Amino acid sequence: MDSPLSATTTRMSEDSTVPRETLTITDNRTGKSYEIPINHDTIRAADLRQIKVDPKEFGMMSYDPAFNNTASCISKVTFIDGDAGILRYRGYPIEDLAEKSTYLETAYLLLNGELPTPSQLKDWTYHVTHHTFIHESIKKFLDGFHYDAHPMGMMISTIAALSTFYHDAKDIFSAESRQKQTYRLIGKVPTIAAFSYRHTLGMPFVYPDNELSYPGNFLNMLFRTTEPKYRPNATLEHALDVLFILHADHEQNCSTNTIRGVGSSHVDPYSATAAAIAALYGPLHGGANEEVLHMLMQIGSIQKVPDFIKRVKTGEVKLMGFGHRVYKNYDPRARIIKHIAYEVFELMGKNPLLEIALECERIALEDEYFVKRKLYPNVDFYTGLIYQSMGFPMTMFPVLFAIPRTSGWIAQWEEMLLDPEQKIARPRQIYLGHNTRHYVPIDQRN
Ligand code: ACO
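Residues numbered from 1 in each chain as written. Predicted model: local features only at pLDDT ≥ 70, side-chain atom pairs only at ≥ 80, totals over all residues. Heavy atoms only, no water.

### Digging into the confidence of the model for the chain
For the chain, the average pLDDT comes to 94, and 96% of its residues sit at 70 or higher. Within the model, pLDDT remains below 50 along residues 1-13, and this stretch shows 30 contacts once partners closer than five positions in the same chain are excluded. (pLDDT = per-residue confidence, 0-100. Contact = heavy atoms within 4.5 Å.)

If you want it as structure tokens, here you go:
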């Protein structure tokens, strides 16, 4: 972006028919006008600081709780047009990637900006596959978790603990170190997820099998019992791979904003990723898929859907898996997921909760409350049904989101680190608390 213009009084272009890429603001407190550059339909918040009544003042700020209308970075990773329902990674439509790519190839694309050549893909797959094992000591502290510990809690702690094993991870401005930690993170996240799951079952851990694909090996580590060689079902392996592609990145969502914010302090990528997983855990973000299943079970039957929708409309409850900060149209991932759901149900039998979900969607898409607010199913509305049919317990649903999102988080973290404009993330506030007060000893307080 260009450097900010300094404050000027309002001036018209020589030829007033030629539009200027600037915004003129008149401060009615002083009558002064300011001309501020517009780049990419955006003004720089820092340009507002010149607007002040008294030169000693701090200057004007913009107030935007929850970043509703604030761009925090310039990014080349993921594009979303929420009104049109478009999602692209590095320019490639999500529909194309879901149909033609694999998760590992998509992860490479997100991280490197281009699709890999055959030799690059071979090399990338080799390195990720050869970083899937975890240190034996990690098993010891996984064992310390209670049998009913939520696997997201185990994931957050265990990913953070990786920083205690890999001291070279602190060297964040070394491209070589970042590459190494990327192999480790993408390689080990499924192993830690699977080990967390096995721990909750009290089952022995299953070590990675390097001959299997990324999703195939994950299924192996989750579900293998006595068979000497686990052979993943091709339909489930493919479904999981597509789900991983769909969840790989989603521009500046809550957890990505978290990894950028935490990473801006220059902490190692394991600690920053743990923070992102914590953000994802919340029911308004990646925890929503788990909440959708609770909701569908609570509704219990198609007949009870209209009553439930009434409660949603009075604000008593939310229709989980509906609505999105950015999408004001059908989430393109939800469309693909619906398709995948039927492939999985054909193999595993239809999930009995599907009918309730479809009825919720049917009513909601016709109802004025949802239409007016542009509330459509998001990625989480159908994923839970698929995961449940595949044999996953509900607590594993957000984990299944965290595994593929790791590639997007790392791509965004690296972009943030290498962006010369970025600094430690540190928002301002509007202080409306008390002015100076003097300390009152405890025996003199009412
Ligand atoms: N059910 C009922 N009403 C809703 C829902 C919903 N799921 N989502 C939004 N609304 C209503 C709000 O009450 C608000 O109504 P109002 O204008 O009368 O006050 C209006 O729609 C706008 O909603 P906001 O809360 O302002 O939208 P915001 O962008 O802040 O929130 C969010 C987005 C958090 C996703 C929200 O839609 C939600 O809570 N959905 C349910 C949880 C969910 O599915 N999360 C997963 C999101 S996708 C992801 O993270 C992977």
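What follows picks up the thread again.
### Considerations on the nonpolar core
Phe218, Leu296 and Leu319 are the most contacted members of the largest nonpolar core, which has 113 residues in total. Considering each element in turn, this core owes the most residues, 12 residues, to helix 17 (residues 397-418). Among all residues touching leucine 319, those that are not within four sequence positions of it are Met295, Phe308, Ile309, Val312, Cys360, Ala364 and Phe370. (Core = buried A, V, L, I, M, F, W, Y, C linked by side-chain atoms within 4.5 Å. Buried < 20%, exposed > 50% of the residue type's maximum accessible area, 1.4 Å probe, protein only. Helix = DSSP H or I, 4+ residues; strand = E, 2+ residues; numbered from the N terminus.)

### What to know about the side chain of aspartate 331
Its place among the elements puts aspartate 331 in the loop between helix 12 (305-313) and helix 13 (332-348). Of the polar contacts made by the side chain of aspartate 331, one reaches the side chain of arginine 333; its length is 2.8 Å. Setting aside residues up to four positions removed in sequence, aspartate 331 forms contacts with Pro377, Asn378 and Val379. (Polar contact = N/O pair within 3.5 Å; in protein donor to acceptor, adjacent residues only side chain to side chain.)

### Let's talk about the domain arrangement of the chain
Domain assignment breaks the chain into domain 1 (8-62) and domain 2 (74-417). Computed from C-alpha atoms alone, the centre-to-centre distance between domain 1 and domain 2 is 43 Å. (Domains from an automatic or database assignment.)

### Some details on the packing of aromatic side chains
Describing an aromatic ring pair means giving the distance of the ring centres and the angle of the ring planes. For the structure on display, the rule yields 22 aromatic pairs. Taking 5.6 Å as the distance between ring centres and 70° as the angle between the ring planes, the aromatic pair formed by tyrosine 103 and phenylalanine 244 counts as edge-to-face. One end of the pair, tyrosine 103, is in helix 2 (residues 103-112); the other, phenylalanine 244, is in helix 8 (residues 234-246), with 141 residues separating them in the sequence. Pairwise contacts between aromatic rings join Tyr197, Phe223, Tyr387, Phe392 and Phe397 into one cluster. Of note, arginine 49 hangs over the ring of phenylalanine 58, and the distance from its end group to the ring centre comes to 3.8 Å. Geometry around tyrosine 369 places arginine 373 over its ring, the cationic atom sitting 3.8 Å from the centre. (Phe/Tyr/Trp six-rings, centres within 6.5 Å; stacked < 30°, edge-to-face > 60°. Lys NZ or Arg CZ within 6 Å of the ring centre and 35° of its normal.)

### A short note on the sheet that holds strand 3 (residues 78-81)
Across the sheet, three strands lie side by side as 3-4-5; this open sheet has antiparallel pairing. Only two strands of the sheet have a single partner each, and these edge strands are strand 3 and strand 5 (92-93). Of the pairings in the sheet, the one linking strand 4 (residues 86-89) to strand 5 comprises two bridges and is antiparallel in character. Residue pairing for strand 5: arginine 88 is matched across the bridge by proline 93. (Pairing = 2+ DSSP bridges.)

### Looking at the site of the ligand
The environment of the ligand is formed by 19 residues, the closest being His285, Lys318, Leu319, Gly321 and Arg325. Here an oxygen atom of the ligand sits 2.9 Å away from a polar atom, N or O, in the main chain of glycine 321. Contact distances for the ligand include 3.0 Å between an oxygen atom and a side-chain N or O atom of arginine 373. When isolated, the ligand has an accessible area of 920 Å², and the protein chains bury 70% of it. Residue classes in the shell around the ligand are distributed as 10 nonpolar, five polar and four charged. (Near = heavy atom within 4 Å. Areas by Shrake-Rupley, 256 points an atom, 1.4 Å probe, with all protein chains shown as cover. Nonpolar A, V, L, I, M, F, W, Y, C, P; charged D, E, K, R; others polar.)

### Overview of helix 14 (residues 354-366)
Across its 13 residues, helix 14 extends 19 Å between first and last C-alpha, which sits within 8% of the 18 Å expected from 1.5 Å per residue. Residues of helix 14 that are buried include every one of Leu354, Ile356, Ala357, Glu359, Cys360, Glu361, Ile363 and Ala364, and no others. Contacts from the buried residues of helix 14 go to helix 11 (288-299), helix 12, helix 13, helix 15 (368-372) and helix 16 (380-389). (Expected span 1.5 Å × (residues − 1).)

### So, the environment of isoleucine 363
For isoleucine 363, the location among the structural elements is in helix 14. The exposure class assigned to isoleucine 363 is buried, which follows from its relative accessible area of 15%. Along the chain, isoleucine 363 and glutamate 99 lie 264 residues apart, while their C-alpha atoms are 30 Å from each other. Here isoleucine 363 is in contact with Val305, Pro306 and Ile309, once residues within four sequence places are set aside.

### Notes on the pattern of salt bridges
Applying the stated rule across the entire model yields 18 salt bridges. Several salt bridges converge on common partners, so that one network encompasses Asp209, Glu211 and Lys229. (Salt bridge = Lys/Arg side-chain N within 4 Å of Asp/Glu carboxyl O.)

### Things to note about the side chain of glutamate 251
Assignment of secondary structure puts glutamate 251 in the loop between helix 8 and helix 9 (254-263). One buried charged residue, glutamate 251, forms no salt bridge at all, with the nearest opposite charge on arginine 260 at 8.8 Å. The contact partners of glutamate 251, leaving out residues within four places of it in the chain, are Thr78, Ile80, Thr256 and Gln412. (Lys, Arg positive; Asp, Glu negative; His and termini not counted.)

### Things to note about unusual backbone geometry
One non-glycine residue, histidine 40, lies in the positive phi region at around 55°. Among the structural elements, histidine 40 can be located in the loop between strand 2 (32-37) and strand 3. With a phi close to 70°, histidine 266 is a non-glycine residue in the positive phi region. Taking the relative accessible area as the measure of exposure, histidine 266 reaches 44% and is therefore partly exposed.

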